[in-house]
Structures are given as C-alpha cells and as structure tokens.
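Single-letter residue listing:
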Amino acid sequence: MEHKHENTKAVVNRLSRAIGHLEKVKQMVEEGRDCSEVLVQLAAVRSAINNTGKLILKDHLNHCIVHAVEEGDDQALADLNDAIDRFV
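1. Some points on the pattern of salt bridges
Summed over all chains, the structure comprises two salt bridges. Where E37 meets R33, a salt bridge forms, and the shortest distance between an N and an O atom there is 2.8 Å. The salt bridge partner of D82 is R86, with a shortest N-O separation of 3.2 Å. Separated by four residues within a single helix, D82 and R86 lie in helix α3 (residues 74-87), roughly one turn from each other.

2. What to know about helix α1 (residues 8-30)
A rise of 1.5 Å per residue sets the reference length of α1, with its 23 residues, at 33 Å; its end C-alpha atoms lie 33 Å apart and thus fit the reference within 8%. Those residues of α1 hidden inside the fold are in contact with α2 (35-71). With its phi angle positive at about 75°, G32 sits one or two positions after the end of α1.

So, how was this worked out
Residues numbered from 1 in each chain as written. Predicted model: local features only at pLDDT ≥ 70, side-chain atom pairs only at ≥ 80, totals over all residues. Heavy atoms only, no water. Salt bridge = Lys/Arg side-chain N within 4 Å of Asp/Glu carboxyl O. Helix = DSSP H or I, 4+ residues; strand = E, 2+ residues; numbered from the N terminus. Expected span 1.5 Å × (residues − 1). Contact = heavy atoms within 4.5 Å.

Take a look at the structure:
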C-alpha cells in the first residue's frame, strides 16, 4: 500500500542525518579513533534510528491502523505486531 503521511519529510530528514552521522562513525573507525569515542557515536546513531522508528510507528498507528480498524482489517494488526517484534 503506497501512501504519504504528514511526517514523511521529518522521517526523510532524520534518516539523512543518521546516514551522515554513520558515515562519520565509519570515518572515525578508518582513522583509528578511540574505541570509546566510536561506541558513543554508534549509540547516538542507534538512538537516532530508534527515534525515527518511533515517529514512523506513531504515524502508522494514527493513519494506517486507524483506517484498518475502521475497515475491519485484522491482517493490518497482525502485520503491525510482526513489525513491532522485529523493530524492538
């Protein structure tokens, strides 16, 4: 199902920043930077990805799942449960 939600631009921007940050972490590794610094930066990337996932989840709940419930689409709820299991 193709769709666009109000948070699409914010999600794309967050992903672009996370990709840039991850490229910097890669550069740190290539330069032989201190492992502790790299781990801290990896934690920041992971947090950025998790926060982006939360935004996508909220958007999905507010639009897709509400619509699915209104339509009686039980498969959408099963798919959401699967996605949450994989994300978490």
